[in-house]
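What follows is each chain in one-letter form.
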Amino acid sequence: MVEREPVAISGTYAVSAFGRGADALLAGVLAGVPAFRPVRRFDTAGRRVTVAATLPDVATLPDELADAVDAACRAAGLDRAGRAESALFLATHGGPATLPGRFTDDRPAPGVDDPWWAAGERAGADGGPAWPELPALAGRLARRCGLDGPTRVYTTACVSASSAVADAAATILRGDRERVVVAAGYLVEPDQFALFDAGRALAADGAVRPFSTGRQGLLLGDGVAAVVLESAGALRRRGGTPVATLPGWGRAGDAYHPCQPDPQGRGLARAVGAALRRAGLPAGAVGYVNANATGTGFSDASEAAALRLALGERAGQVPVSSTKALHGHALEASGLLELVLTVAALRHGKLPVNAGWLGPDAACPLDVVTDAPRPVSGRYALSLNAAFGGANTALLVGAP
């Protein structure tokens, strides 16, 4: 059997509450100080929780996505001509609630001054430019960024971005495309904030504590990211070098409950196993896990069980942390934001801390990185994500 080279990751970019760029994201996370602050972009009066990880000055989500795609392509060494045949896979929430970035009244009036992403749309209910249907947004984003290949849209909750990455890698390995740009975005906005708060999913103490005793829930955070994936051959022919590889990925469902994860973690364990099998690697090859852990009771315990199933006796020896404790939960964009961070951590040789730690939980017997960043001790890392409905993804990242 002919062994195929893993898909290459040639460029990354991210926007988070820590700032703009993958380096800003990594620096903020390695500092170990969570980015949660009082929300100022909309009124939180009457809410149980009033904090999130937000970047003070953001543009509209479409504009932030366009900037992220351009920046990731530049990081990959792709000018407008070089990226022309690339496909675009977009993961985002969609709908009017995610339209404004600044959440002010300075949005342009409809008509001749409509922004690029609203061209031809009817005026919104407030008289401003209307949010286009997501397929239309993806097409306009692709054209604006010079991507002439096909587009896809992913709205599968918190595995949207990681599912897009898995599909992009499969598309490249099949030979359907040499290059796919994956973009994802979520900016904290009032509707989702209200839903999570009303559902008592947000941490009332204002801190995210993955795998820790005393954890009370998640907190939302801004996240916009873009990643360029391409075949190793295409990258080599144009003289480029990878920042990382994606040798494996896996997806699996729990088929257990509409909201609660399988307590035994069987779906996520199958996703991890599939990623390792695709890469042809044993569990012992995993040197770090950037966990999905959101700081919620059921979910974190289920993920710990999944790691024990998938990694066996190695589960208690592999360093694990959830960076959501620092940059917040970016919902549909979380998988891509965390992939960018995992790539950066491997490249810089430091593993992020698991902030908010109060003490071990017997239901989560893992080697959690708690006190300070640790040196990278292996070539491969897992980036895990899970969503309501029992959807699970595992992306296996390799150092170049």
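Our subject is the structure listed above.
All of these numbers come straight from a predicted model, not from anything done at the bench.

J.: Is there a simple way to explain the overall build of the chain in this structure?
T.: On a plain count of helices and strands, the chain comes out with 10 helices and 16 strands. On C-alpha atoms alone, the chain measures out to a radius of gyration of 20 Å, which is about the 21 Å that the 2.2 N^0.38 rule sets for 400 residues. Each of the three principal axes of the chain carries a C-alpha extent, and together these read 65 × 55 × 40 Å. Taken across its 400 residues, the chain has 61% of its residues classed as buried. The contacts in the chain between residues at least 6 apart in sequence include a share of 77% that link residues at least 24 apart. As displayed, the chain has an accessible area near 15,300 Å², and 51% of this comes from carbon and sulfur atoms. The average position of the 38 basic charges and that of the 38 acidic charges among the side chains of the chain differ by 5 Å.

J.: Looking at this structure, I do not really get the packing of aromatic side chains. What am I missing?
T.: Scanning the entire structure with this criterion turns up two aromatic pairs. For the ring pair Phe42 and Phe193, a centre distance of 5.5 Å and an interplane angle of 70 degrees mean the geometry is edge-to-face. Of this pair, Phe42 sits in the loop between strand 3 (37–38) and strand 4 (51–52) while Phe193 sits in helix 5 (residues 190–198), placing them 151 residues apart in sequence. Exposure class is identical for Phe42 and Phe193. Each is buried. For the pair Phe89 and Tyr154, a centre-to-centre distance of 5.9 Å together with 45 degrees between the ring planes defines the contact as tilted. In this pair, Phe89 is assigned in strand 5 (residues 87–92) and Tyr154 in strand 6 (residues 151–154), connecting sequence segments 65 residues apart. Given the relative accessible area of 9%, Tyr154 is considered buried.

J.: When you look at unusual backbone geometry in this model, what are you seeing that I'm missing?
T.: A negative phi angle characterises most non-glycine residues, just as the trans form characterises most peptide bonds. Phi angles above zero are rare outside glycine, and Ala157 is one such case at about 55 degrees. Its location among the elements puts Ala157 in the loop between strand 6 and helix 4 (160–173). Positive phi, normally seen in glycine, also occurs at Arg200, with a value near 60 degrees. Mapped onto the elements, Arg200 comes out in the loop between helix 5 and strand 8 (223–230). Arg200 sits in the exposed class, given a relative accessible area of 59%.

J.: In this structure, what is going on with helix 10 (residues 334–348)? I would like to understand it.
T.: The periodicity of an α-helix, 3.6 residues per turn, causes residues three or four places apart in sequence to face the same way. An ideal rise of 1.5 Å per residue puts 21 Å on 15 residues; helix 10 measures up with 21 Å between its terminal C-alpha atoms. For helix 10, the buried fraction is high: 13 of the 15 residues fall into the buried class. One or two positions beyond helix 10, positive phi appears at Gly349, with a value near 80 degrees.

J.: Is there a simple way to think about helix 1 (residues 22–31) in this case?
T.: Among the residues making up helix 1, those that are buried are Ala22, Leu25, Leu26, Gly28 and Val29. One side of helix 1 carries all its buried residues, which in axial view fall inside an arc of 165 degrees. Of the residues in helix 1, the exposed ones pointing more than 90 degrees away from the buried face are Asp23 and Ala31. Buried-residue contacts for helix 1 involve strand 1 (7–16), helix 9 (324–327) and helix 10. In the segment just after helix 1, Gly32 is the residue with positive phi, at about 80 degrees.

J.: Got a minute to help me understand the layout of surface pockets in this structure?
T.: In this approach, a probe sized like a water molecule rolls over the atoms, and the result shows the empty space that is left. In this structure, the largest pocket spans a volume of roughly 650 Å³. Considering the residues around the largest pocket, the lining is formed by 31 residues, among which Cys259, Ser299, Ala386, Ala387 and Phe388 are closest to the centre. Going through the elements one at a time, helix 5, helix 8 (297–311), strand 15 (380–387) and strand 16 (391–398) are the ones with two or more residues in the lining of the largest pocket. The element contributing the most residues to the lining of the largest pocket is helix 8, with four residues. Of the residues contributing to the lining of the largest pocket, the split by class is 15 nonpolar, 13 polar and three charged.

J.: Would you take a moment to explain the environment of Ala274 for this structure?
T.: Tracing the sequence through the fold places Ala274 in helix 7 (residues 266–279). What makes Ala274 buried here is its relative accessible area of 19%. Taking the C-alpha atoms as reference, Ala274 lies 35 Å from Thr54; in sequence the two are 220 residues apart. Ignoring sequence-local partners within four residues, the contact set of Ala274 consists of Trp249 and Gly250.

J.: What should I look at first to understand the pattern of salt bridges in this one?
T.: In a structure, side chains of opposite charge can pair up when their charged atoms sit close to one another. Counted under the stated rule, the structure contains 17 salt bridges. Among the salt bridges present, the one from Arg20 reaches Glu64, with a minimum N-O distance of 2.8 Å. Linking Arg20 in strand 2 (residues 19–20) with Glu64 in helix 2 (residues 61–75), this pair joins segments that are 44 residues apart in sequence. In this structure, Arg174 engages Asp176 in a salt bridge whose closest nitrogen and oxygen atoms are separated by 2.8 Å. With relative accessibility at 52%, the residue Arg174 sits in the exposed group.

J.: Looking at this model, I keep getting lost on the side chain of Asp167. Mind explaining?
T.: Among the secondary structure elements, Asp167 is positioned in helix 4. The buried category is assigned to Asp167, whose relative accessible area is 17%. Of note is the side chain of Asp167, whose polar atom sits 2.9 Å from the side chain of Arg251. When near neighbours in sequence (up to four residues on either side) are disregarded, Asp167 contacts Phe89, Arg152, Tyr154 and Arg251.

J.: Mind showing me how you'd approach the pairing of strand 5 here?
T.: Regular strands place their side chains on alternate faces of the sheet. In terms of burial, strand 5 is largely enclosed, as six of its six residues are buried. Side chains Ala87, Phe89 and Ala91 of strand 5 all project onto a buried face; the interleaved residues Leu88, Leu90 and Thr92 project onto the opposite face, where all are buried too. In terms of strand pairing, strand 5 meets strand 7 (residues 179–186) through six bridges, oriented parallel. Bridge assignment links Ala91 to a residue of strand 7, and that residue is Ala184. Relative to strand 6, strand 5 runs parallel, the two sharing four bridges.

What counts as what
Residues numbered from 1 in each chain as written. Predicted model: local features only at pLDDT ≥ 70, side-chain atom pairs only at ≥ 80, totals over all residues. Heavy atoms only, no water. Helix = DSSP H or I, 4+ residues; strand = E, 2+ residues; numbered from the N terminus. Rg over C-alpha atoms; globule rule 2.2 N^0.38 Å. Buried < 20%, exposed > 50% of the residue type's maximum accessible area, 1.4 Å probe, protein only. Contact = heavy atoms within 4.5 Å. Areas by Shrake-Rupley, 256 points an atom, 1.4 Å probe, with all protein chains shown as cover. Lys, Arg positive; Asp, Glu negative; His and termini not counted. Charge placed at Lys NZ, Arg CZ, Asp CG, Glu CD. Phe/Tyr/Trp six-rings, centres within 6.5 Å; stacked < 30°, edge-to-face > 60°. Expected span 1.5 Å × (residues − 1). Arc of directions from axis to C-beta. 1 Å grid on protein atoms, 1.4 Å probe; cavity = no way out; pocket = protein on both sides within 12 Å on 5 of 7 lines; lining within 4 Å. Points joined across faces, edges and corners; volume = space filled by probe spheres on them. Nonpolar A, V, L, I, M, F, W, Y, C, P; charged D, E, K, R; others polar. Salt bridge = Lys/Arg side-chain N within 4 Å of Asp/Glu carboxyl O. Polar contact = N/O pair within 3.5 Å; in protein donor to acceptor, adjacent residues only side chain to side chain. Pairing = 2+ DSSP bridges.

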